[in-house]
Amino acid sequence: MARGKLITFEGIDGSGKTTQIEFLADYLRSLGLSFLLLREPGGTRIGEEIRHLLLDMRFEQMTPEAELFLFEAARAQLVREVIRPALEEGTWVISDRFHDSSVAYQGYGRGLPVDLVQALNNLAMGGTVPDLTILLELGPQARAARLDKRHGSGLQDRIDVETELFKERVCQGFRAIAQAEPQRFICVESLDQKEKTAELIREQVRRKLL
Ligand code: TYD
């Protein structure tokens, strides 16, 4: 039985990951592939509890270090409890965020040393690395417009409320990671025509993984 593939989606809040994950899931389903959809932080009982701690607006005093450890703890659990067993039995896994988010948000965004974040990522992942990562990119204007919509709906969390400067650093972080590992990444400008973006992603998935 062939091992499943691990595909991760990354990008700033409001970059359209959720929509594009749905499109890709439809495509994999149409091919008859069995796959799991996950999100980070979360995906396990322990991970969902940690998610509440991380996103709760009441914990604005959380230190960057504590934040990093919590993301890594959720990841370590998810890899061992869900991702690895799934891949081994031939199931594909699509994750809404994975280790690159820690480098971009806790490293570039919060300013923790990037090599340290990478070391903790390695410990949490224990060698389970994505086969493909789709980075959805969004310019500042488009980002603001999309986030306004989300704020209007009252769906804000502790990290969503960070400053524009923080988010700009996170975006720079994602770009730097993608440049360092071009063979793993597909960088796609998140367009308003969602179907067009989805087709670009399908094309690359076909080329690189099928
Ligand atoms: P979520 O509601 O899943 O946001 P989104 O829809 O933007 O993916 O919340 C996850 C938040 O956690 C998001 O703001 C990004 C942040 N995050 C980190 O800061 N570091 C990480 O390692 C991960 C996985 C997420």
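Residues numbered from 1 in each chain as written. Predicted model: local features only at pLDDT ≥ 70, side-chain atom pairs only at ≥ 80, totals over all residues. Heavy atoms only, no water.

J.: Account for the sheet that holds strand β5 (residues 185–189), naming residues and giving values.
T.: On the basis of which strands lie adjacent, the open sheet formed by five strands has the order β2-β3-β1-β4-β5 and parallel pairing. At either end of the open sheet lies a strand with only one pairing partner, and these are β2 (35–39) and β5. The average undirected angle you get between the axes of adjacent strands in this sheet is 20°. Two strands pair when backbone bridges link them, and strand β4 (residues 132–137) and β5 are joined in this way by five bridges, in the parallel orientation. The residue bridging L136 from the neighbouring strand is V188, located in β5. Against the sheet, helix α3 (residues 64–88) engages β1 (6–10), β2 and β3 (92–96), with an angle of about 160° to β2. (Pairing = 2+ DSSP bridges. Helix = DSSP H or I, 4+ residues; strand = E, 2+ residues; numbered from the N terminus. Axes fitted to C-alpha atoms, helices over the stretch in contact; angles between N-to-C directions. Contact = heavy atoms within 4.5 Å.)

J.: Requested: an account of the site of the ligand, with residues and values cited.
T.: Near the ligand, the surroundings consist of 16 residues, among which D13, K17, R97, S102 and Q106 are the closest. Take R97: an N or O atom from its side chain is 2.7 Å from an oxygen atom of the ligand. In isolation the ligand exposes 540 Å². Once the protein is present, 93% of that is buried. Elements supplying a minimum of two residues to the shell around the ligand: α2 (45–55), α3 and α4 (99–109). Among the elements that take part in the shell around the ligand, α4 stands out by supplying four residues, more than any other. Here the residues of the shell around the ligand are counted per class, giving four nonpolar, three polar and nine charged. (Near = heavy atom within 4 Å. Polar contact = N/O pair within 3.5 Å; in protein donor to acceptor, adjacent residues only side chain to side chain. Areas by Shrake-Rupley, 256 points an atom, 1.4 Å probe, with all protein chains shown as cover. Nonpolar A, V, L, I, M, F, W, Y, C, P; charged D, E, K, R; others polar.)

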